[in-house]
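# Per-entry structural report
Residue-level listing of the chains:
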Amino acid sequence: MEKVIAVGLVLPDLTYNVAEEHLEELTKLIETAGGTVVERVLAKRPRPDPAHFVGSGKAEEINQLAMAFDATLVVFDDDLSPAQARNLEKIIGVKVIDRSGLILAIFAGRARSREARTQVELAQLEYMLPRLTKQWTHLSRQAGGIGTRGVGETQLETDRRIVRTRISRLKEDLGKIEQTRETQRKARQAAFTVAIVGYTNAGKSTLFNRLTHGTADAVDRLFATLDAKSQKAAFEMPRDTVIIDTVGFIRKLPHDLVASFRSTMEEAVAADLVLHVMDGSHPQVSEQREIGDEVLADLGIDPERVIEVFNKVDLVEQDVSHERRSERVRVSALTGKGIEALVDVIRGREREGGSVMQIEIPHEDSRTAARLHELADVLDQTVTDHVTIFKAWVPQHAVHLFASYSAEKSLGRAKVS
Ligand SMILES: Nc1nc2c(ncn2[C@@H]2O[C@H](COP(=O)(O)OP(=O)(O)O)[C@@H](O)[C@H]2O)c(=O)[nH]1
Ligand SMILES: [Mg+2]
């Protein structure tokens with residue numbers, strides 16, 4: 001295990017408590033990357049030092065700590081400029097990376113699908129490019145630790161031109177992979193899709209497993225999930241329903257990564273409904289929620305399509321009943337509490353803008369049957385001597401086309417929009 005020192009900067013607008021929470025999260029990230037935190041440092045300053053970020057005096061202190069604790073890596077919670085990282089390394093004497101570099105390293109270790117691997121390598125190279133110029137020999141000497149995992153030594157030894165060529169190659173590959181993904185998405189179009197999004201560790205994969213009886217990787221680890229996973233809902237639903245698990249958000253997610261992970265998050269963009277899962281027991285839940293809202297807004301997701309899900313209510317003591325707001329559901333994905341209510345909310349959304357109808361179509365009327373298949377979501381069908389009885393979700397605009405075939409038992413209530 002690589003021994004690591006975690007460093008945070010406390011600016012005047014930040015309380016010590018919040019700074020501690022942020023450092024706690026950084027510690028978890030470091031552990032996720034396979035390191036162990038031997039010491040934490042908080043530096044209080046009116047503003048970042050342009051050359052040494054925390055100041056050269058503090059850097060000197062960190063150097064002493066690194067020697068005392070035998071640390072081989074120092075991780076800063078905030079973004080460092082390439083020059084700051086270089087200057088700090090000179091004083092501290094061991095490898096220095098920032099939160100972005102750390103997250104990239106974690107992603108590199110987690111990526112499984114070709115798409116995720118391509119995206120992560122692309123983001124890593126783009127992150128490294130400005131840092132490569134003079135740090136050349138320096139970086140290749142250091143290769144192999146947390147900060148450089150995923151990018152091979154040979155790449156470090158090549159020059160910028162080759163890195164650039166590699167970057168454009170990866171971008172091309174990514175374009176092709178996205179086309180395939182688009183085709184797969186089209187194939188799912190008939191179904192109602194529900195994407196689960198939220199801060200890392202909020203319980204998305206646990207909820208996914210609850211809703212699908214699935215086997216997504218649900219562990220107490222940041223970013224266990226990188227590849228979107230989809231599976232049919234395990235509950236009886238008015239329409240065919242597919243649930244999608246996605247990668248989590250995090251504070252200060254590197255911008256390059258946000259861009260390259262956009263295509264993974266496209267699953268959420270294309271979804272009919274988005275469940276924004278929050279860890280209701282987390283002290284920083286409102287910050288996490290804001291970050292989630294920002295990312296969703298960034299992706300252009302209409303808040304109308306979002307349902308807020310407060311998870312982990314089993315860990316929250318207060319009585320939840322008098323705090324209810326519409327379209328906010330409180331659940332425990334772990335114990336199953338509130339899941340039925342959530343499923344009901346999803347059902348309600350599925351019925352909106354249409355009706356579940358029972359429709360009897362005579363066998364000779366194949367045109368109407370064909371139209372039904374084209375316009376509606378057929379849930380069930382029974383063939384009798386003269387007619388086929390369909391149970392189907394019919395969008396509001398098409399209800400009149402089938403009204404005369406309807407056995408009049410509209411099973412769902414249409415909400416006129
Ligand atoms: N107590 C409690 N723990 C939960 C709940 N949901 C998830 N967890 C735990 O939180 C951790 C992260 O869950 P996971 O589903 O992997 O989160 P993800 O990163 O959002 O996919 C795991 O240790 C889960 O067991 C819940 O409702 N209550
Ligand atoms: Mg997950």
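Cut-offs and rules
Residues numbered from 1 in each chain as written. Chains lettered and ligands numbered in written order. Predicted model: local features only at pLDDT ≥ 70, side-chain atom pairs only at ≥ 80, totals over all residues. Heavy atoms only, no water. Patch = residues over 30% accessible without salt bridge, like charges linked within 9 Å, V, L, I, M, F, W, Y side chains within 5 Å. Areas by Shrake-Rupley, 256 points an atom, 1.4 Å probe, with all protein chains shown as cover. Salt bridge = Lys/Arg side-chain N within 4 Å of Asp/Glu carboxyl O. Lys, Arg positive; Asp, Glu negative; His and termini not counted. Charge placed at Lys NZ, Arg CZ, Asp CG, Glu CD. Helix = DSSP H or I, 4+ residues; strand = E, 2+ residues; numbered from the N terminus. Core = buried A, V, L, I, M, F, W, Y, C linked by side-chain atoms within 4.5 Å. Buried < 20%, exposed > 50% of the residue type's maximum accessible area, 1.4 Å probe, protein only. Domains from an automatic or database assignment. Contact = heavy atoms within 4.5 Å. Near = heavy atom within 4 Å. Polar contact = N/O pair within 3.5 Å; in protein donor to acceptor, adjacent residues only side chain to side chain. Nonpolar A, V, L, I, M, F, W, Y, C, P; charged D, E, K, R; others polar. Pairing = 2+ DSSP bridges. Axes fitted to C-alpha atoms, helices over the stretch in contact; angles between N-to-C directions. Phe/Tyr/Trp six-rings, centres within 6.5 Å; stacked < 30°, edge-to-face > 60°. Lys NZ or Arg CZ within 6 Å of the ring centre and 35° of its normal. Right-handed = clockwise from strand over helix to strand, strands pointing away. pLDDT = per-residue confidence, 0-100.

## What about a positive patch on the surface?
On the surface, a cluster of positive charge is contributed by Arg-112, Arg-114, Arg-117, Arg-169 and Lys-176. Looking at the positive patch, the elements that each hand over two or more residues are helix H5 (114-132) and helix H8 (160-187). Secondary-structure assignment places Arg-114 in helix H5.

## A word on the nonpolar core
The biggest cluster of nonpolar side chains holds 47 residues, and the ones touching the most others in it are Leu-29, Val-75, Leu-102, Ile-103, Phe-107 and Phe-223. Taken domain by domain, this core gets at least three of its residues from each of domain 1 (1-187) and domain 2 (188-350). Beyond its immediate stretch of four places on either side in the chain, Leu-29 contacts Arg-99, Leu-102, Ile-103, Ile-106, Leu-222, Phe-223 and Ile-250. Ranked by size, the runner-up nonpolar core spans 23 residues in total, among them Leu-207, Phe-208, Leu-273 and Ile-307.

## Considerations on the site of ligand 1
Ligand 1 sits among 18 residues. The nearest are Asn-201, Gly-203, Lys-204, Thr-206 and Asp-314. Asn-311 has a polar side-chain atom sitting 3.1 Å from a nitrogen atom of ligand 1. Measuring from an oxygen atom of ligand 1, one finds a side-chain N or O atom of Ser-332 at 3.1 Å. Notes on ligand 1: free accessible area 580 Å², of which the protein chains cover 89%. Ranked by residues supplied to the shell around ligand 1, first place goes to helix H9 (residues 204-212) with 3 residues. When the residues that make up the shell around ligand 1 are grouped by side-chain class, the tally is 7 nonpolar, 7 polar and 4 charged.

## Some thoughts on the sheet that holds strand S11 (residues 354-362)
Strand order in the open sheet made by the 3 strands is S11-S13-S12, with antiparallel pairing throughout. Looking along the sheet, the strands with just one partner apiece sit at the ends: S11 and strand S12 (377-383). Ignoring strand direction, the axes of neighbouring strands in this sheet form an average angle of 15°. Judged from the 6 bridges that link them, S12 and strand S13 (residues 387-395) form a sheet pairing that is antiparallel. The residue of S13 that forms the bridge with Asp-380 is Lys-391. Each of S11, S12 and S13 is contacted by helix H13 (residues 366-375), which is oriented at about 30° to S13, the strand it contacts most.

## Observations concerning the packing of aromatic side chains
Under the defined criterion, the tally for this structure stands at 1 aromatic pair. Directly above the aromatic system of Trp-393 lies the positively charged group of Arg-239, at a separation of 3.7 Å from the ring centroid. Arg-330 extends its terminal NZ or CZ atom over the ring of Phe-310, reaching a point 5.4 Å from the ring centre.

## As for the sheet that holds strand S9 (residues 306-311)
Spatial ordering of the open sheet is given by S6-S7-S5-S8-S9-S10, a layout of 6 strands whose pairing is mixed. Looking at strand neighbours, the two that pair on one side only are strand S6 (229-232) and strand S10 (328-330), the edges of this open sheet. Each strand axis lies, on average, 25° off the axis of its neighbour in the sheet, ignoring direction. Direction of pairing for strand S5 (residues 192-198) relative to strand S7 (residues 241-245): parallel, over a ladder of 5 bridges. Bridge pairing in S7 links Thr-193 to Val-242.

## Considerations on the pattern of salt bridges
A complete count under the given rule lists 17 salt bridges for this structure. Between Arg-40 and Glu-24 there is a salt bridge; the shortest N-O distance is 2.8 Å. Here the residue Arg-40 occupies a position in strand S2 (residues 35-44), and Glu-24 occupies one in helix H1 (residues 16-32), the gap between them amounting to 16 residues. Residue Arg-40 is classed as partly exposed on the basis of its relative accessible area of 32%. Its salt-bridge partner being Lys-312, residue Asp-279 comes within 3.3 Å of it at the nearest N-O pair. Placement of the pair is Asp-279 in strand S8 (residues 273-279) and Lys-312 in the loop between S9 and S10, with a sequence separation of 33 residues.

## Comments concerning the environment of Leu-275
You can see Leu-275 is positioned in strand S8. Considering only alpha carbons, one finds Leu-275 and Ile-307, 32 residues apart in sequence, at a separation of 5.0 Å. The contacts of Leu-275, once residues within four sequence positions are left out, are Val-194, Ala-195, Ile-196, Val-197, Leu-207, Leu-211, Ile-307, Val-309, Leu-342 and Ile-346.

## Some remarks on the pairing of S2
Here 9 bridges tie strand S1 (residues 2-10) to S2, and the two strands are oriented parallel to one another. Within S2, the residue paired with Ala-6 across the bridge is Arg-40. Taken together, S1, H1 and S2 constitute a β-α-β crossover, and its handedness is right-handed.

## Focus on the side chain of Gln-284
Positionally, Gln-284 belongs in the loop between S8 and helix H11 (285-298). Among residues more than four places away in sequence, those in contact with Gln-284 are Val-18, Glu-21 and His-22.

## Looking at H9
Among the 9 residues that make up H9, 7 are buried, leaving the element largely enclosed by the rest of the structure. Residues Lys-204, Ser-205, Leu-207, Phe-208, Asn-209, Leu-211 and Thr-212 constitute the buried set of H9. Tucked into the core, H9 has its buried residues touching S5, S6, S7, S8 and helix H12 (339-351). Note on H9: the residue one or two positions beyond its end, His-213, has a positive phi of about 55°.

## What to know about the confidence of the model for the chain
In regions of low pLDDT, the predicted coordinates are not meant to be interpreted in detail. Within the chain, residue pLDDT values average 84, and 86% of them lie at 70 or more. The weakest mean pLDDT in the chain belongs to helix H6 (residues 136-142) at 39; the strongest belongs to helix H2 (residues 56-69) at 96. Considering only residues more than four positions removed or in separate chains, one finds that residues 133-144, a stretch of pLDDT under 50, has 22 contacts. Note on residues 409-417: pLDDT under 50 across the span, and 19 contacts to partners over four residues away in sequence or across chains.

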